[in-house]
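Here are the chains, one letter per residue:
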Amino acid sequence: MIAILLGPPGSGKGTQAKVLKEKYKFLHLSTGDMLRAAINAKTPLGLKVQDIMARGELVSDEIVLDLIKEKIAETSPNQNVVLDGYPRNVNQAHSLATLLSKYERKVDKVLSIEVDSESLITRLTGRRTCKVCGAGYHVQFHPSKKAGVCDQCGGELVQRRDDMVDVIKDRLKVFEGQTSPLKNFYSSQGVLEVIQGDQQPQEVTQEINRAMGI
Ligand code: AP5
């Protein structure tokens, strides 16, 4: 199965993709994580995209397609895959369909996670991530035992550069303008399922599992 988690920044795509990876052995492909890894490693790609991401804009379609192409090429034909943050506009969705068709695969499910804007801002401004192991926290909803320190590995917890209120507002506008048209795109293909994201993470997981039949 190829599943896409579609939703605005902070809707819980990364949180739910991790569950699919850990519990159901999906391959988790997050273009945001790949780009952040390139920035942290100071690769030429990282240097090219860091300011664009800090502003909350989308990087070019060619860059993300190259990242996804490489991963899909390495994936075995029966591997379940969850795409988190890709595609992000209709052009990327067309490129994805063309890419998958080369492997005789297609998008099977698109889970559109819906959350109101106010909750998204609270979620994103409070998000903290471990610099070492990548574990996710939230200062209010899922705090670490010791402030600023990861419970799992003792690493430093950091805030993403694009999780500042002004940048979050710009990211939400980018989602509305460029990404939300994908709902109609996938709905017309009969693969879209709407997930109520304003619930406890475990309840969102249950809804996703039901929609995916797992
Ligand atoms: P990306 O990394 O994909 O970020 P995003 O889509 O903005 O999404 P987030 O990672 O911010 O949120 P999420 O939905 O994963 O929520 P999470 O689970 O973390 O992209 C970043 C940038 O990279 C883009 O702006 C762009 O520049 C570039 N980029 C990436 N892909 C691209 C592409 N395809 N094309 C072009 N550019 C691209 O949860 C958020 C917080 O809420 C956490 O603290 C979590 O603990 C909490 N939370 C989660 N679920 C719940 C719940 N049910 N209740 C309460 N709190 C919850």
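Residues numbered from 1 in each chain as written. Predicted model: local features only at pLDDT ≥ 70, side-chain atom pairs only at ≥ 80, totals over all residues. Heavy atoms only, no water.

Overview of the pattern of salt bridges
Part 1 of the reasoning: Counted under the stated rule, the structure contains 11 salt bridges.
Part 2 of the reasoning: The partner of D162 in a salt bridge is R160, and the shortest N-O contact between them spans 3.0 Å. Judged on exposure class, the residue D162 and its partner R160 are both buried.
Part 3 of the reasoning: Between R171 and D163 there is a salt bridge, with the nearest N and O atoms lying 2.9 Å from each other. (Salt bridge = Lys/Arg side-chain N within 4 Å of Asp/Glu carboxyl O. Buried < 20%, exposed > 50% of the residue type's maximum accessible area, 1.4 Å probe, protein only.)

What to know about the sheet that holds strand β5 (residues 127–130)
Part 1 of the reasoning: Pairing in this open sheet of 3 strands is antiparallel, and the strands run β6-β5-β7 from one edge to the other. Every interior strand has two partners, whereas the edge strands, β6 (136–138) and β7 (157–158), have only one.
Part 2 of the reasoning: Across 2 bridges, the pairing between β5 and β7 is antiparallel. Bridged to T129 within β7 is V158.
Part 3 of the reasoning: Its contacts with the sheet put helix α6 (residues 117–125) on β5 and β6, and the angle it makes with β5 is roughly 35°. (Pairing = 2+ DSSP bridges. Helix = DSSP H or I, 4+ residues; strand = E, 2+ residues; numbered from the N terminus. Contact = heavy atoms within 4.5 Å. Axes fitted to C-alpha atoms, helices over the stretch in contact; angles between N-to-C directions.)

With respect to the packing of aromatic side chains
Part 1 of the reasoning: Following the criterion strictly, the structure yields 1 aromatic pair and no others.
Part 2 of the reasoning: Judged by centre distance (5.0 Å) and plane angle (90°), the rings of F185 and Y186 are edge-to-face. Per residue, the accessibility class of F185 equals that of Y186, and both read buried. (Phe/Tyr/Trp six-rings, centres within 6.5 Å; stacked < 30°, edge-to-face > 60°.)

What about the packing of helix α1 (residues 13–24) against helix α9 (residues 201–212)?
Part 1 of the reasoning: At a closest axis distance of 10 Å, the pairing of α1 and α9 adopts a crossing angle of 65°. Considering the angle they form, α1 stands roughly perpendicular to α9. Considering how the two elements wind past one another, α1 and α9 form a crossing that is right-handed. Contacts from Q16, V19, L20 and Y24 in α1 reach P201, V204, T205, I208, N209 and M212 in α9.
Part 2 of the reasoning: Split by residue class, the contact of α1 with α9 holds 7 nonpolar, 3 polar and no charged. (Parallel < 35°, antiparallel > 145°, perpendicular 65-115°, else oblique. Left-handed = near helix turned anticlockwise from the far one by under 90°. Nonpolar A, V, L, I, M, F, W, Y, C, P; charged D, E, K, R; others polar.)

Things to note about the site of the ligand
Part 1 of the reasoning: Near the ligand there are 35 residues, and of these T15, E57, R88, R127 and R171 occur at the shortest range.
Part 2 of the reasoning: Between the ligand and the protein, one listed contact pairs an oxygen atom with a backbone N or O atom of G12 at 3.1 Å.
Part 3 of the reasoning: The backbone of G14 places a nitrogen or oxygen atom 2.8 Å from an oxygen atom of the ligand.
Part 4 of the reasoning: Expressed as a share of its isolated accessible area of 1,000 Å², the protein-covered part of the ligand is 93%.
Part 5 of the reasoning: Only α1, α2 (31–40), α6, β6 and α9 provide two or more residues apiece to the shell around the ligand.
Part 6 of the reasoning: When residues of the shell around the ligand are assigned to their parent elements, the largest contribution, 4 residues, is made by α2.
Part 7 of the reasoning: Looking at the shell around the ligand, its residues break down into 13 nonpolar, 13 polar and 9 charged. (Near = heavy atom within 4 Å. Polar contact = N/O pair within 3.5 Å; in protein donor to acceptor, adjacent residues only side chain to side chain. Areas by Shrake-Rupley, 256 points an atom, 1.4 Å probe, with all protein chains shown as cover.)

Details of the side chain of H138
Part 1 of the reasoning: Within the fold, H138 resides in strand β6.
Part 2 of the reasoning: Those residues in contact with H138 that sit more than four places away from it in its chain are T122, R123, G126, R127 and P143.

Quick word on the state of the cysteines
What we call a disulfide is simply a covalent bond connecting the sulfur atoms of a pair of cysteines.
Part 1 of the reasoning: With the rule as written, the count across this model stands at 0 disulfides.
Part 2 of the reasoning: The cysteine C130 is free of any disulfide, with C153 supplying the nearest cysteine sulfur at 3.5 Å. (Disulfide = S-S within 2.5 Å.)

What to know about the nonpolar core
Part 1 of the reasoning: If you look at the biggest cluster of nonpolar residues, it comprises 29 residues, and the most contacted ones within it are I4, L35, I68, L83, L96 and Y186.
Part 2 of the reasoning: Elements with a contribution of two residues or more to this core: β1 (2–6), α2, α3 (44–54), α4 (61–73), β3 (81–84), α5 (90–102) and α8 (181–187).
Part 3 of the reasoning: At 6 residues, α4 tops the list of elements feeding residues into this core.
Part 4 of the reasoning: If near-sequence neighbours (up to four positions away) are discounted, L83 is found in contact with I2, A3, I4, L5, L29, I68 and L96.
Part 5 of the reasoning: Within the second largest apolar cluster, 18 residues are counted, among which are A3, L120, I168 and M212. (Core = buried A, V, L, I, M, F, W, Y, C linked by side-chain atoms within 4.5 Å.)

Worth remembering: the numbers are spatial, not functional.
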